[in-house]
Amino acid sequence: MPNVLYDVKDLALAKQGKLRIEWAKTSMPVLQLLQKRFEKEKPLKGLTLAACLHVTDSTANLMIALKAGGAKVSLCASNPLSTQDDVAASLVKDFDIPTYAIKGEDTKTYYKHMNAVLDTHPNITMDDGADLVSLLHKERKGQLKELIGSSEETTTGVIRLKAMQKDGALKIPVLAVNDSDTKHLFDNRYGTGQSTLDGIIRATNILLAGKIIVISGYGWCGHGLAMRASGMGAKVVVVEVDPVRALEAVMDGFQVMKIQDAAKIGDLFVTVTGNKHVISFKNMQRMKDGAMISNSGHFNVELELDALEKAAKSRRVVRNFVEEFTLKNGKKLFVLGEGRLINLVAAEGHPAEVMDMSFANQALAAEFFAKNKGKLNVQVYRIPEDMDKEIARLKLKAVGAGLDVLTKEQKNYLSSWQEGT
Ligand code: ADE
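Residues numbered from 1 in each chain as written. Predicted model: local features only at pLDDT ≥ 70, side-chain atom pairs only at ≥ 80, totals over all residues. Heavy atoms only, no water.

### Some details on the overall build of the chain
For step 1, the next point in the chain: Counting secondary structure elements, the chain contains 17 helices and 16 strands.
For step 2, the next point in the chain: For the chain, whose C-alpha radius of gyration is 22 Å, the value lies close to the compact-globule estimate of 22 Å for 421 residues.
For step 3, the next point in the chain: Burial status across the chain gives 56% buried among its 421 residues.
For step 4, the next point in the chain: Across the chain, every contact between residues at least 6 apart in sequence was considered, and the portion connecting residues at least 24 apart equals 72%.
For step 5, the next point in the chain: Of the side-chain charges in the chain, 56 are positive and 50 negative, and the distance between the mean point of each set is 2 Å. (Helix = DSSP H or I, 4+ residues; strand = E, 2+ residues; numbered from the N terminus. Rg over C-alpha atoms; globule rule 2.2 N^0.38 Å. Buried < 20%, exposed > 50% of the residue type's maximum accessible area, 1.4 Å probe, protein only. Contact = heavy atoms within 4.5 Å. Lys, Arg positive; Asp, Glu negative; His and termini not counted. Charge placed at Lys NZ, Arg CZ, Asp CG, Glu CD.)

Written out as structure tokens, the structure reads:
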């Protein structure tokens, strides 16, 4: 019998989950270094930490490192469909980490699981999408005074938290892990770029070469996705609302157009914006028969699915994570992964190599909170730049790349202004 409270699908899956956690660990050298230091120094001793993250093999390694640092940790899922059930089982059975996550859980269970981790009365919370912070501020206000701070993993969560700060609603310090260079330049770009296509391919087995892929959003996720889709031979169309980003997409060699025009020509649609109804039902009606629609942004609200569901004459699941909707005029549209982040629903999320840096930021964020207890303002902070650079240095070392250094003469040149032509 496990020593901790939990709600997972099946503890019998633990053996397979443990192998997966170990496999991911071999690709997470920076987190391993931090774990070793945490084991010695115990920077999180006496603290309770509740995390609401995608329950994957990479996340398991983060939780193990935080526990090694002395924290009492618990974990719930940050999306109802992203949990790896075998990993969740192993966290409970092999690592004594209270875990509340079942792939496919309904909304009620999702919230029950979030409340279970908040019942541990955390001093630090860790979010991917700001759901724990949101629940604390809406329904569990009495606990806010117990918190040193919360760290946030994703763009969508940071947008929510900055909106809370602007409204004066935010009551705790926040570290925006997503804003670290070693997070968004790698996780969002290379992680989302690869894992989104991985999810789409595993779900559909389509050939990307020659397809018209419409990508809504040209932030770092959109950059990565466009780059990788074009590398696979797809014709990429970008939809963007920011003029500078749109121009960048043009000069990166992609077609850029309004969604109502792109809707008519796309074979496959992917949203990565962090916004709502990016593909409205009206634009779905403009699509070609057989078009595929997916989302790799944090929430499924990027697609106006409720309107599609209401309007459809019939619907049926034709493959795992592929649902066919037939409209009244007979047109068929395919929605992938219920419109939830396709990279985690139909594949395994970003590779551990890239999560290594994201989760090194999370581990250092927890340590930063422990060191700065009571000294932080109620605001959304970035991780200090020296920590960000140190993660990059460690990763470079791990991949065997050399980092050059400035000479004394060059340093002087950069800090002087007299020398000219
Ligand atoms: N977000 C995207 N990919 C992930 C992964 N593999 N683990 C945890 N969170 C993720």
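What follows continues from the structure just given.
### Topic: helix H7 (residues 155–167)
For step 1, the next point in the chain: The end-to-end C-alpha distance of H7 is 18 Å, a good match for the 18 Å that 13 residues give at a rise of 1.5 Å each.
For step 2, the next point in the chain: Along H7, the positions that sit buried rather than exposed are Thr156, Gly157, Val158, Leu161 and Met164.
For step 3, the next point in the chain: Residues of H7 that are buried make contact with helix H6 (131–139), strand S6 (149–152), strand S7 (174–176) and strand S16 (380–382).
For step 4, the next point in the chain: With its phi angle positive at about 75°, Gly168 sits one or two positions after the end of H7. (Expected span 1.5 Å × (residues − 1).)

### Digging into the sheet that holds strand S13 (residues 314–319)
For step 1, the next point in the chain: In spatial order, the strands read S10-S9-S8-S11-S12-S15-S14-S13; together these 8 strands make up an open sheet with mixed pairing. One side of each edge strand has no neighbouring strand; the edge strands of this open sheet are strand S10 (255–256) and S13.
For step 2, the next point in the chain: Pairing of strand S8 (residues 212–216) with strand S9 (residues 235–239), which is carried by 5 bridges, proceeds in the parallel orientation. In the strand pairing of S9, Ile213 is matched with Val236.
For step 3, the next point in the chain: Along the sheet, helix H9 (residues 220–231) contacts S8, S9 and strand S11 (268–271); its crossing angle with S8, the most-contacted strand, is approximately 170°. (Pairing = 2+ DSSP bridges. Axes fitted to C-alpha atoms, helices over the stretch in contact; angles between N-to-C directions.)

### Let's talk about the nonpolar core
For step 1, the next point in the chain: Within the largest apolar cluster, 55 residues are counted, with the highest numbers of intra-cluster contacts made by Leu49, Val55, Leu62, Leu66 and Met126.
For step 2, the next point in the chain: At 12 residues, the largest contribution of residues to this core is made by helix H15 (residues 352–371).
For step 3, the next point in the chain: Ignoring sequence-local partners within four residues, the contact set of Leu49 consists of Leu66, Ala71, Lys72, Val73, Ser74, Pro122, Ile124, Met126 and Ala366.
For step 4, the next point in the chain: In terms of nonpolar packing, the next biggest core, distinct from the first, is built from 26 residues, Ile200, Val236, Val270 and Val272 among them. (Core = buried A, V, L, I, M, F, W, Y, C linked by side-chain atoms within 4.5 Å.)

### Describing the side chain of Thr154
For step 1, the next point in the chain: Following the sequence through the fold, Thr154 ends up in the loop between S6 and H7.
For step 2, the next point in the chain: Dropping the residues within four chain positions of it, Thr154 is found in contact with Asp128, Gly129, Asn178, Lys183 and His298.

### Section: the packing of aromatic side chains
The way to describe two aromatic rings as a pair is by their centre distance and the angle between their planes.
For step 1, the next point in the chain: On inspection of all chains with the given rule, the structure shows 3 aromatic pairs.
For step 2, the next point in the chain: Note on Tyr110 and Tyr111: the rings are 5.6 Å apart at their centroids and 85° apart in plane angle, and the pair reads as edge-to-face.
For step 3, the next point in the chain: A residue is classified by how much of its surface remains accessible, and Tyr111, at 38% relative accessible area, is partly exposed.
For step 4, the next point in the chain: For the pair Tyr218 and Phe254, a centre-to-centre distance of 6.2 Å together with 70° between the ring planes defines the contact as edge-to-face. (Phe/Tyr/Trp six-rings, centres within 6.5 Å; stacked < 30°, edge-to-face > 60°.)

### Remarks on the sheet that holds strand S2 (residues 48–53)
For step 1, the next point in the chain: A sheet is described by the order of its strands in space; here 8 strands give the open sequence S1-S4-S3-S2-S5-S6-S7-S16, paired in parallel fashion. Sheet topology places strand S1 (7–8) and S16 at the edges, where each strand pairs with a single neighbour.

### Here we look at the pairing of S11
For step 1, the next point in the chain: Going residue by residue along S11, you find Leu268 and Val270 tucked away on one face and Phe269 and Thr271 tucked away on the opposite face as well.
For step 2, the next point in the chain: By the bridge criterion, 4 bridges tie S8 to S11 in an arrangement that is parallel. Looking at the pairing, Ser216 lines up with Thr271 of S11.
For step 3, the next point in the chain: By the bridge criterion, 4 bridges tie S11 to strand S12 (residues 292–295) in an arrangement that is parallel. Across the sheet, the residue bridging to Phe269 is Ile293, located in S12.

### Re the environment of Pro2
For step 1, the next point in the chain: Within the secondary structure layout, Pro2 lies in the segment before S1.
For step 2, the next point in the chain: Linking Pro2 and Ser90, residues 88 residues apart in sequence, is a C-alpha distance of 10 Å.
For step 3, the next point in the chain: Ignoring any residue separated from it by four or fewer positions in sequence, one finds Pro2 in contact with Leu11 and Val92.

### A short note on the packing of H15 against helix H16 (residues 385–398)
For step 1, the next point in the chain: Between H15 and H16, the least distance of the axes is 10 Å, while the angle of their chain directions is 140°. Taken together, H15 and H16 sit at an angle that is classed as oblique. The two elements H15 and H16 meet at a crossing, and its hand is right-handed. For the pair H15 and H16, contact is made by Glu353, Asp356, Met357, Ala360, Asn361, Leu364, Ala365 and Phe368 and by Met387, Asp388, Ile391 and Lys395, respectively. (Parallel < 35°, antiparallel > 145°, perpendicular 65-115°, else oblique. Left-handed = near helix turned anticlockwise from the far one by under 90°.)

### What to know about the site of the ligand
For step 1, the next point in the chain: Taken together, His54, Thr56, Ser58, Thr59, Leu344, Glu348, Gly349, His350, Met355 and Phe359 make up the full set of residues adjacent to the ligand.
For step 2, the next point in the chain: Contact distances for the ligand include 2.7 Å between a nitrogen atom and a side-chain N or O atom of Thr56.
For step 3, the next point in the chain: At 2.8 Å, a backbone N or O of His350 approaches a nitrogen atom of the ligand.
For step 4, the next point in the chain: Taken by itself the ligand offers 260 Å² of open surface, and the protein chains cover 95% of this.
For step 5, the next point in the chain: Secondary structure elements with two or more residues in the shell around the ligand: helix H3 (57–68) and H15.
For step 6, the next point in the chain: Its residues assigned to classes, the shell around the ligand comprises 3 nonpolar, 6 polar and 1 charged. (Near = heavy atom within 4 Å. Polar contact = N/O pair within 3.5 Å; in protein donor to acceptor, adjacent residues only side chain to side chain. Areas by Shrake-Rupley, 256 points an atom, 1.4 Å probe, with all protein chains shown as cover. Nonpolar A, V, L, I, M, F, W, Y, C, P; charged D, E, K, R; others polar.)

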